[in-house]
Amino acid sequence: MPDLLLPTTPIVRPDKDRFLNEENPFEAMMARFDRAAELLDLEPGIYKVLRNPEKQIIVSIPVMMDSGEVEVFTGIRVLYNTSRGPAKGGIRFDLNVSLDEVKALAAWMTWKCAVVNIPFGGSKGGVICDPLKMSIGELERVTRRYTAAIIATLGPDSDVPAPDVNTNERVMAWLMDTYSMHVGHTVNAVTTGKPVAMGGSLGRREATGRGCMMVTKEALAHLGMPVKGTTIAVQGFGNVGSIAAQLLQAEGCKVVAVSDRTGGVVNRKGIDVDHAIAWIKEHKTLEGYTAGEAISNEDILLLDVDVLLPAAMENVITTKNAAKIRAKIICEGANGPTTAGAESILEDKGIFVIPDILANAGGVTVSYFEWVQNRGGYYWTEQLVNDRLNEIMVNSFAEVLKLSKEHKVNMRTAAYMLAISRVATVHRLRGIYA
Ligand code: NAD
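Residues numbered from 1 in each chain as written. Predicted model: local features only at pLDDT ≥ 70, side-chain atom pairs only at ≥ 80, totals over all residues. Heavy atoms only, no water.

We now examine the site of the ligand. By nearness alone, 17 residues border the ligand, and T208, N239, V240, R261 and N335 come closest of all. Measuring from an oxygen atom of the ligand, one finds a backbone N or O atom of F237 at 3.0 Å. Between the ligand and R261, the relevant distance is 2.9 Å, taken from an oxygen atom to a main-chain nitrogen or oxygen of the residue. When the free accessible area of the ligand is taken as 830 Å², the share hidden by the protein chains comes to 74%. Listed by contribution, the elements that provide at least two residues to the shell around the ligand are α6 (204-222) and α7 (239-250). Across the shell around the ligand, the residue classes break down as 6 nonpolar, 8 polar and 3 charged. (Near = heavy atom within 4 Å. Polar contact = N/O pair within 3.5 Å; in protein donor to acceptor, adjacent residues only side chain to side chain. Areas by Shrake-Rupley, 256 points an atom, 1.4 Å probe, with all protein chains shown as cover. Helix = DSSP H or I, 4+ residues; strand = E, 2+ residues; numbered from the N terminus. Nonpolar A, V, L, I, M, F, W, Y, C, P; charged D, E, K, R; others polar.)

Counted under the stated rule, the structure contains 10 aromatic pairs. In textbook terms, an aromatic cluster arises when at least three aromatic residues are bridged by ring pairs, as seen for F120, Y368, F369, W371 and W380. Seen from the ring of F26, K103 lies directly overhead, with NZ or CZ sitting 4.6 Å from the centre. Directly above the aromatic system of W380 lies the positively charged group of R388, at a separation of 4.4 Å from the ring centroid. (Phe/Tyr/Trp six-rings, centres within 6.5 Å; stacked < 30°, edge-to-face > 60°. Lys NZ or Arg CZ within 6 Å of the ring centre and 35° of its normal.)

If a strand is regular, its side chains alternate between the two faces of the sheet. Relative to strand β2 (residues 70-81), strand β1 (residues 55-64) runs antiparallel, the two being bridged by 10 bridges. Bridging across to β2, P62 finds its partner in V72. Counting the residues in the hairpin turn of β1 and β2 gives 5 residues, including G68, whose phi is positive at 95°. Summarising the sheet, β2 and strand β4 (residues 121-128) pair through 7 bridges and their orientation is antiparallel. Residue G75 lies in a different strand from β4, and its bridge partner there is V127. (Pairing = 2+ DSSP bridges.)

All right, on to the packing of α6 against helix α11 (residues 362-376) then. Put simply, α6 and α11 touch, their axes get as near as 7 Å, and they point 145° apart. The two elements α6 and α11 cross, and the hand of that crossing is right-handed. Here R204, A207 and T208 of α6 lie close against α11, whose contacting residues are G362, G363, V366, S367 and E370. Grouping the constituent residues of the contact of α6 with α11 by class yields 2 nonpolar, 4 polar and 2 charged. (Axes fitted to C-alpha atoms, helices over the stretch in contact; angles between N-to-C directions. Left-handed = near helix turned anticlockwise from the far one by under 90°. Contact = heavy atoms within 4.5 Å.)

This part takes up the sheet that holds β2. Backbone hydrogen bonds are what pair the strands of a sheet, in a parallel or an antiparallel way. The sheet built from 5 strands is open, its strands ordered β1-β2-β4-β3-β5 with mixed pairing. Each end of this open sheet is capped by a strand with a single partner; those strands are β1 and β5 (159-163). Here the strands of the sheet are splayed against their neighbours by 25° on average, with no regard to which way each runs. Across the sheet, helix α3 (residues 99-115) is in contact with β1, β2, β3 (87-93) and β4; its angle to β4 comes to roughly 150°.

In a regular helix each residue adds 1.5 Å, so 14 residues correspond to 20 Å; helix α4 (residues 136-149) covers 20 Å between its end C-alpha atoms and thus fits that length. For α4, the full list of buried residues reads E138, L139, V142, T143, Y146 and T147. Angular distribution of buried residues about the axis of α4 spans 165°; they occupy a single face of the element. Tucked inside the fold, the buried residues of α4 contact β1, β2, β3, β4 and α5 (169-183). (Expected span 1.5 Å × (residues − 1). Buried < 20%, exposed > 50% of the residue type's maximum accessible area, 1.4 Å probe, protein only. Arc of directions from axis to C-beta.)

The next point concerns the pairing of strand β8 (residues 263-266). Of the two faces of β8, both are covered, the one formed by G263 and V265 as well as the one formed by G264 and V266. Note that strand β7 (residues 254-260) and β8 share 4 bridges and pair antiparallel. Following the sheet pairing, S259 is matched in β8 by G264. Adjacent in sequence and paired antiparallel, β7 and β8 are bridged by 2 residues. As judged from the 3 bridges shared by β8 and strand β9 (residues 293-295), these two strands associate in the antiparallel manner.

Here we come to a nonpolar patch on the surface. Judged by side-chain polarity, M64, V70 and V72 come together as a nonpolar surface patch covering roughly 280 Å² of accessible area. One can find V72 in strand β2. (Patch = residues over 30% accessible without salt bridge, like charges linked within 9 Å, V, L, I, M, F, W, Y side chains within 5 Å. Salt bridge = Lys/Arg side-chain N within 4 Å of Asp/Glu carboxyl O.)

Put into structure tokens, the structure is as follows:
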């Protein structure tokens, strides 16, 4: 266990205007960080260190477009903290990428890796672009030039990317190839989330949804609720949402509502998740799916269910709708679905929230397994991957729950306290260089 008996020097007072911008992800992260730091009585020096990203890189990426014209994109990579090991974090291609967002996501990765106690720091990256309007060739050139531009910090011992919004296994294969060409030999441990054929891990694709299923079962057990017949609503039916729904259904839960960006369906008798997944495979979205009554993405959050699983995007549970949420448990499959302002409303209502940095940590945990397998050159069976994932998710849930009871705080604050204390302990042991 990390050292939670911290010095009693008062911390630097947190900023006062944290909630001015409910939707700014860096502020949302910092609001939670400040609360946990105050409770931990974190010493001012370490507080200042942990509040600032280690390195922020902004690069211009010139790319020859198919039209023959040169376009210049902006790429960002933030290494938030590497005290516990190489930085770990995804790369997203999106028009909404901003430095504030990347900084917040990099900090989240730092805390997430620390909560599940894997030996990584946190990072995140992105390129401001609209991948839906780009050809495969253009995407490949953006990926390769972005990789080359940040190559000085990339590497299995320094910074290990993974797929995120609008990037996938294919993009990771290009990144791995570009890095390998630069260093002169194949380095598959430079990234995770690769195709299995080139060193990806079995079970990685399902890992985040599987982790959500595992911690949801732990929460049900903690609250004395049976798994069988538990009703579940899932917002977002992509990688995380669909797999979590499928695995929870296999455990005996009843998935009563699912949605994606086109809207959703609700059916009190239960939705056949395998059937919905097959529909998506054929039609790409849930549009036209009639296994229940139509429901909007706003209303799916307000259903009277046992478990709500937001697995789409940030800031969907806010001060505007939190009071109307009726679920007993919220399992945050997405990153940052609940704003800091909404949190106290959920707490007052007695809703048990499994926070994102714990609930969706299954993905980075199996990414860690992938990195270990690449470095060892010895590959595990899917069963071994799943068993080891279960051990980490169940133990991490128990550690966070124990801390939340000891300090009489909610699961999110407890998760931040555990993560921050683990990172702070390493800073104390390492000291300040030079
Ligand atoms: P995905 O692209 O596979 O799926 C996203 C789903 O959300 C799709 O069904 C999409 O239609 C839906 N969606 C998009 N906008 C929506 C809207 N406005 N309302 C409702 N639904 C909407 O992405 P994913 O990998 O499943 O990631 C989902 C969330 O989980 C993201 O927040 C991501 O950061 C987080 N996450 C993913 C992983 C992972 O391993 N994939 C790991 C940790 C966290």
